[in-house]
Structure formats: structure tokens, C-alpha cells
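Residues per chain are reported as follows:
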Amino acid sequence: MSDYTLTIEGKACAADKTFGVINPATEEVFAQAPDASKADLDAAVAAANAAFPAWRDTPLEDRKAALNAMADRVDAQVDAMAEVLVHEQGKSLANAQFEVRGTAMWLRASAATDLPTEVLSDSETQRVELRRRPLGVVGAITPWTFPLLLSIWKVGPALVTGNTMVLKPSPYTPLTVLRFGEIVRDVLPPGVLNVVSGGDDLGKWMTDHSDIHK
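Below or above, wherever it landed, is the structure these notes cover. All chains use their own residue numbering, which begins from 1 and follows the written sequence. Note on the predicted model: pLDDT of at least 70 is required for a residue's local features to be given, and 80 or more for side-chain atom pairs to be given and counted; whole-chain, interface and lining totals, by contrast, use all residues. Water and hydrogen atoms play no part in the side-chain values, which are based on all heavy atoms of the structure.

## Side note on the overall build of the protein chain
Note on conventions: DSSP H or I runs of at least 4 residues are helices, E runs of at least 2 residues are strands, and numbering of each starts at the N terminus. In terms of regular secondary structure, the protein chain is built from seven helices and nine strands. Computed over its C-alpha atoms, the radius of gyration of the protein chain comes to 18 Å, within 12% of the 17 Å expected for a compact globule of 214 residues. Out of the 214 residues belonging to the protein chain, those deemed buried represent 46%. Contacts are residue-level and defined by heavy atoms, with any inter-residue pair within 4.5 Å sufficient. Counting only contacts in the protein chain whose residues sit at least 6 apart along the sequence, the fraction spanning at least 24 positions is 76%. Taken as a whole, the protein chain presents about 10400 Å² of accessible surface, with 52% of it coming from carbon and sulfur. Only the C-alpha atoms count toward the radius of gyration. The rule for a globule is 2.2 Å times the residue count to the power 0.38. Throughout this description, buried means an accessible area under 20% of the type-specific maximum (1.4 Å probe, protein chains only), exposed means over 50%, and partly exposed covers the range between. A 1.4 Å probe and the Shrake-Rupley method give the accessible areas. Residues count as covered only by the protein chains that appear here.

## Let's talk about the environment of R179
Among the secondary structure elements, R179 is positioned in helix α6 (residues 175–184). Each C-alpha atom of the pair R179 and A25 lies 21 Å from the other, and the pair is 154 residues apart in sequence. Only 2.5 Å separates the side chain of R179 from the side chain of E182, close enough to count as a polar contact. In the analysis that follows, any N or O atom pair within 3.5 Å is treated as a polar contact, provided that within protein one partner can donate a hydrogen and the other can accept it, and provided that, for residues neighboring in sequence, both atoms belong to side chains.

## What about the pairing of strand β6 (residues 127–130)?
Pairing between strands requires that DSSP locate at least two bridges from one strand to the other. Of the pairings in the sheet, the one linking strand β5 (residues 118–122) to β6 comprises four bridges and is antiparallel in character. Across the sheet, E118 pairs through a bridge with L130, a residue of β6. Connecting the antiparallel pair β5 and β6 is a turn made up of four residues.

## Some thoughts on helix α5 (residues 147–160)
Each helix should span, by expectation, one fewer than its residue count multiplied by 1.5 Å. Over its 14 residues, α5 extends 20 Å from the first C-alpha to the last, a length consistent with the 20 Å expected when each residue adds 1.5 Å. Taking burial as the measure, the 14 residues of α5 include eleven buried ones, the bulk of the element. Within α5 the residues assigned to the buried category are P147, L148, L149, L150, S151, I152, V155, G156, A158, L159 and V160. Once α5 finishes, G162 follows within two positions and takes phi at roughly 100 degrees, a positive value.

## Notes on a nonpolar patch on the surface
A cluster of nonpolar residues, L120, V128 and L130, forms a patch on the protein surface that exposes about 230 Å² of accessible area. By secondary structure assignment, the location of L120 is in strand β5. Judged by its relative accessible area of 56%, L120 falls in the exposed class. Patch criteria: residues need more than 30% relative accessible area and no salt bridge. Like-charged residues are merged within 9 Å; nonpolar side chains of Val, Leu, Ile, Met, Phe, Trp and Tyr are merged within 5 Å. Definition used for salt bridges: Asp or Glu carboxyl oxygen within 4 Å of a side-chain nitrogen of Lys or Arg.

Rendered as C-alpha cells:
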């Protein structure tokens, strides 16, 4: 349970500093997570912005295929990811495995999303259509209770609809989400999903960032 890295522009990135992650069962530090700097965040946001136009224009069916491929990666790592989740969050192994499997299931559920054009009004004088368009870079900050599953509830819908993302897990439970970023980073085009970890300062930098659109 070592060598966790940030995912920025589809690559492994080490931070200049790390912080300890505590096993709640022993109340002892058992691993180190990268502590992203403001420069690391800026790089992640810049990567997401650069990736947005091409991802937005990627056909929906191709975006769906990418989410299904991400789900396959997660399914192949259930046991390993669940072990990390047990140590950092305190779940039983069975509940941790349930969360990891649920993560793959939710990715597939997001991949089944259709985005049809809805006709709100169609008459001799007007036609009004509702079309869903991506906003750009989505910043996601997720809590410790279900660190992986609550992250995916944001990742899946954001990516399938054509947005790109910068994801920050809770500093209490960053490791499983960082590992998720590592195992799917070559499934997506570089910059579509960036994963950064850190403390309260990182969260504030994200919420204040002018280049994060939601």
C-alpha cells in the first residue's frame, strides 16, 4: 500500500509533499498520500480544460464505451481495491468489496444514459427543443463515508455527458480514489479525468478556481 500518485493529464504525478493516512482500526498512519500543491491543481485544471473540446465532441457511444472499459478495470481490481478501502475507511471486507463492485455497476449505469433531444413545443409558428450540453471542467470534492462510490456518482454522469473532471477525495480516505485514477488513466484521453489529493487548502483552491465551471 505505497507509491500512490496523482493523475494529471493521464500521467502519474508525484507531489512535493505527502500526508499520512490513518487506519481507523489501529489509529496509526499506515500509508502516505500525495499532498497536491496549488501548482499541481492548476496543472490538473489546465489539463481538463485542454481535453474538454475533444471530449465534448467525442460521439456519445464512444464516451459510453470508455465508461464501460473503466468498469472492466475496476471489476478486475475488486480484491486489491477493497483491501485498501478496509484499511483507510474501516469498512468490513464484504462491505468494501460491495462498494468497489458498486462502483463498476454505477459506471455501467452511467454508460447506459441516453441524451435525446426533447421537443418542448412544435407548432406552425415555433419549435422549441431541449438539448443537454456539457459545461466544461467539473470539480468534484467527495467525503470519506463511501469514498469510491460517492466519487463515481459524480464521475460517471459528468464524463458521459461530455464534461472533463478534477476529482479530490477526502483527506481521510484518499487512497482508493487515487488507485482508481491510476487504473483507469490510460482508458481515457489525457486530461479527461484528473485525480488530486490534499487537505482543506486544496478544497478551497478548487472552489475558488476560475477555470472550474461546475
